[in-house]
Amino acid sequence: MRRPLVAGNWKMNGTKASIAQLLGEMKAGAASLQQVEVVVCPPFVYLADVQGALQDTTVLIGSQNICDSAAAGAFTGEVSGEMLQEFGCRYAIVGHSERRALYGESDELVARRFAAARAAGLIPILCVGETLEEREQGITEQVVARQIDAVVALEGIAAFAQAVIAYEPVWAIGTGKTATPQQAQDVHAFIRRRIAERDAGVADGLRILYGGSVKGSNAAELMAMSDIDGGLIGGASLKADEFLAICKAADS
Ligand code: PGA
């Protein structure tokens, strides 16, 4: 059985005050969750605050990005895996579509970030997904396969035994347009098959999250699909009640 995972990607949102309030509200509700693993991914500058606030809870911390170089040194503006470890991070998101589209991150760079996360003992959450144009062209599977294969080429298939994949159709992110449970399930099943072609055991244990306009009201039907093992949540992770409702849906 794959343990469900719900990760909140706060993106570039929050203030010290709003984060303290959000975590306060979340902590109370998260205590009653049984099975689901809950992660929050704050902006780097708030990691220390979040680490302090979550000390006596089971809520874990992830980063939204990670430097592709494992070593410290002359990498202005970057944050290393070792630093993230020191601030209590367990997970690192790599290859979010906003990073790919707005900051020009290539499949190869994303693969190096994935490798850097593993080198630092962090679990990478590899984001993949097609644009609307690509979906309309009927090349969703090709795009997702290419994004995954770049990581397999660098790190090998065994690396996915300690990794998570998040399928996030770009057209569903922040748009209010969620993929239907069947649309998501189809791509999740494709991803699992793609991994299984190389290693069936790794594919079976791999958690594949869905992301893109997940809310409290649509989470249950998504989480009910056999290859959806949780969610990567943007907007709704900034509201404690919405985020907890999603966690509960994944918990049952
Ligand atoms: P959304 O974002 O939930 O706001 O659509 C998801 C994501 O970008 O990870």
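The text that follows walks through the structure, step by step, so that each part is easy to find. Remember, predicted model here, so these are calculated numbers, not experimental data.

1. As for the site of the ligand
Now for step 1: Residues in contact with the ligand amount to 13 residues; listed here are only the nearest, Lys11, His96, Glu168, Gly174 and Ser213.
Now for step 2: Between the ligand and glutamate 168 there is a distance of 2.6 Å, counted from an oxygen atom to a side-chain nitrogen or oxygen.
Now for step 3: In this structure, an oxygen atom belonging to the ligand sits 2.7 Å away from a main-chain N or O atom of serine 213.
Now for step 4: When isolated, the ligand has an accessible area of 280 Å², and the protein chains bury 95% of it.

2. As for the side chain of histidine 188
Now for step 1: Within the secondary structure, histidine 188 is located in helix H8 (residues 181-196).
Now for step 2: Reaching out from histidine 188, the side chain makes a polar contact with the backbone oxygen of isoleucine 208 at a distance of 3.5 Å.
Now for step 3: Apart from the residues within four sequence positions on either side, histidine 188 is in contact with Tyr167, Ile208, Leu209, Tyr210, Asp227 and Ile228.

3. A closer look at the pairing of strand E8 (residues 230-233)
For a regular strand, the rule is simple: side chains alternate between the two faces of the sheet.
Now for step 1: Here E8 shows a buried face lined by Gly230 and Leu232 and a second buried face lined by Gly231 and Ile233.
Now for step 2: As paired strands, strand E1 (residues 5-9) and E8 are joined by four bridges and run parallel to one another. Directly across from leucine 5, in E8, lies its bridge partner glycine 230.
Now for step 3: Note that strand E7 (residues 207-211) and E8 share two bridges and pair parallel. Of the residues in E8, the one forming a bridge with tyrosine 210 is glycine 231.

4. A few points about the pattern of salt bridges
Now for step 1: All chains considered together, the criterion is met by 17 salt bridges.
Now for step 2: Residue arginine 146 pairs with aspartate 107 through a salt bridge whose shortest N-O separation is 2.6 Å. Of this pair, arginine 146 sits in helix H7 (residues 140-155) while aspartate 107 sits in helix H5 (residues 107-119), and the two are 39 residues apart along the sequence.
Now for step 3: We classify arginine 146 as partly exposed; its relative accessible area is 43%.
Now for step 4: Relative accessible area serves as the criterion here: at 12%, aspartate 107 is assigned to the buried category.
Now for step 5: When salt bridges with common partners are traced through the structure, they connect Arg2, Arg192, Asp204, Asp227 and Asp229 into a single cluster.

5. Regarding the packing of H5 against H7
The angle between the axes and the distance between the axes are what describe a pair of packed helices.
Now for step 1: H7 packs onto H5 with a crossing angle of 50° between their chain directions and a minimal axis gap of 9 Å. With respect to H7, the element H5 is oriented oblique. Like other packed secondary-structure pairs, H5 and H7 cross with a definite hand, here right-handed. Each of Asp107, Ala111, Arg112, Phe114, Ala115 and Arg118 in H5 lies in contact with H7, whose residues at this interface are Arg146, Gln147, Ala150, Val151, Leu154 and Glu155.
Now for step 2: Of the residues belonging to the contact of H5 with H7, the class tally is six nonpolar, one polar and five charged.

Conventions we followed
- Residues numbered from 1 in each chain as written.
- Predicted model: local features only at pLDDT ≥ 70, side-chain atom pairs only at ≥ 80, totals over all residues.
- Heavy atoms only, no water.
- Near = heavy atom within 4 Å.
- Polar contact = N/O pair within 3.5 Å; in protein donor to acceptor, adjacent residues only side chain to side chain.
- Areas by Shrake-Rupley, 256 points an atom, 1.4 Å probe, with all protein chains shown as cover.
- Helix = DSSP H or I, 4+ residues; strand = E, 2+ residues; numbered from the N terminus.
- Contact = heavy atoms within 4.5 Å.
- Buried < 20%, exposed > 50% of the residue type's maximum accessible area, 1.4 Å probe, protein only.
- Pairing = 2+ DSSP bridges.
- Salt bridge = Lys/Arg side-chain N within 4 Å of Asp/Glu carboxyl O.
- Axes fitted to C-alpha atoms, helices over the stretch in contact; angles between N-to-C directions.
- Parallel < 35°, antiparallel > 145°, perpendicular 65-115°, else oblique.
- Left-handed = near helix turned anticlockwise from the far one by under 90°.
- Nonpolar A, V, L, I, M, F, W, Y, C, P; charged D, E, K, R; others polar.

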